[in-house]
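Commentary on secondary and tertiary structure
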Amino acid sequence: MKREKLSLSERVRQEYEALAPVYDRRWRHYINTSLDATLARLPLSGGETILDIGCGSGELLRRLQVQFPALRLVGADASMSMLAVARHKLSASAALCNATAEALPFATASFDVIFSTSVLHYWPEPARALAELRRVLRPGGRLTMTDWCGDYVSCRATAAGLRLMQRPVAQVYRAAECRRLLERTGLKIERLERYKISRWWGLMTAVAAA
């Protein structure tokens, strides 16, 4: 019997199930610099309800919990193994759930701020994912999204190389493409910046309001 071809989302989930034990150590520099850049672009008051979509090992949530103990924190990820790593880092006040951006188990208008870091290039249906994120944002709430930026040759080359190795990547977007995706969802761009965090990695961060 011919084996059924796995969806991109399932391939991503399986990859991160395998990476979970070594992810923080292997990608320490990228994690630290990308999260520094993301958090610097959206100051928080400390009283918000936060969702980290694709929270992975929980490092962004851990930082927020240390800096703002009163924040109401929720992390969602497709990988149970990554969530297990995150659980060990966080106090019990942070809620974690096994979910994808396309189907969130939260009521409409639940969150003041949503963070998405290094996840956009994995979404097979970004418009559907962004529409769901907008649904759970409160009016005036903000989505802060950081991802690889296709305006940099190095990022396009990385994506092409991963595809040649049959690794799961949907698309690396240019800044203008990211802007259009967000605006078509009805989000209002407040800032969208491109920047380098190393000689190789070029990122972009968008802050958009519901």
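Here's a quick rundown of the structure. Predicted, not measured: the structure shown is a model, and the values here were computed from it.

Conventions we followed
Residues numbered from 1 in each chain as written. Predicted model: local features only at pLDDT ≥ 70, side-chain atom pairs only at ≥ 80, totals over all residues. Heavy atoms only, no water. Helix = DSSP H or I, 4+ residues; strand = E, 2+ residues; numbered from the N terminus. 1 Å grid on protein atoms, 1.4 Å probe; cavity = no way out; pocket = protein on both sides within 12 Å on 5 of 7 lines; lining within 4 Å. Points joined across faces, edges and corners; volume = space filled by probe spheres on them. Polar contact = N/O pair within 3.5 Å; in protein donor to acceptor, adjacent residues only side chain to side chain. Contact = heavy atoms within 4.5 Å. Pairing = 2+ DSSP bridges. Axes fitted to C-alpha atoms, helices over the stretch in contact; angles between N-to-C directions. Disulfide = S-S within 2.5 Å. Buried < 20%, exposed > 50% of the residue type's maximum accessible area, 1.4 Å probe, protein only.

The next point concerns the environment of Leu6. Structurally, the position occupied by Leu6 is in the segment before helix H1 (8-19). The sequence separation of Leu6 and Glu190 amounts to 184 residues, and the corresponding C-alpha distance is 37 Å.

Here the focus is the layout of surface pockets. Each pocket or cavity is described by its volume, and for the largest pocket that value is around 870 Å³. Residue lining of the largest pocket: 44 residues in total, with Tyr16, Tyr23, Ser118, Val119 and Tyr122 positioned closest to the centre. Mapped onto the lining of the largest pocket, the elements with two or more residues apiece are H1, helix H3 (28-40), strand S1 (49-53), helix H4 (59-67), strand S2 (72-77) and helix H7 (153-164). Broken down by element, the lining of the largest pocket gets its largest block of residues, six residues, from H1.

Quick look at the side chain of Thr38 now. With respect to the helices and strands, Thr38 occurs in helix H3. A polar contact is formed between the side chain of Thr38 and the side chain of Thr146, at a distance of 2.7 Å. Not counting the four nearest positions on each side in its chain, Thr38 is found in contact with Phe115, Thr117, Thr144, Thr146, Tyr195 and Thr205.

Attention shifts here to the sheet that holds strand S6 (residues 188-196). One open sheet accounts for seven strands, arranged S3-S2-S1-S4-S5-S7-S6; its pairing is mixed. Looking at the sheet topology across the chains shown, the edges are occupied by strand S3 (95-98) and S6. On average, each strand axis in the sheet is tilted by 15° relative to the strand beside it, whichever way the strands run. In terms of strand pairing, S1 meets S2 through five bridges, oriented parallel. Its bridge partner lying in S2, Ile53 is registered against Ala76. Seen against the sheet, helix H5 (residues 80-89) touches S2 and S3 and runs at an angle of roughly 170° to S3.

A full pass over the atoms with the stated rule returns zero disulfides. Unpaired in this structure, Cys178 has its nearest cysteine sulfur neighbour in Cys149, at a distance of 8.3 Å. Of the residues examined, Cys178 reaches a relative accessible area of 2% and is grouped as buried.

Right, let's talk about H4 for a bit. Looking only at H4, the buried set comprises Glu59, Leu60, Leu61, Arg63, Leu64 and Gln65. Close packing links the buried residues of H4 with H3, S1, S2, H5, S3 and strand S4 (111-117).

Another point: the pairing of S4. When you tally the buried positions in S4, you get six out of seven residues, the bulk of the element. Taken together, the four bridges between S1 and S4 define a ladder with parallel strand orientation. Bridged to Leu51 within S4 is Ile114. As paired elements, S4 and strand S5 (residues 137-148) share six bridges and run parallel to each other.

Let's shift gears to the environment of Arg199. Locating Arg199 in the fold gives a position in the loop between S6 and strand S7 (202-209). Considered as a pair, Arg199 and Ala86 are 113 residues apart in the sequence and their alpha carbons are 29 Å apart.

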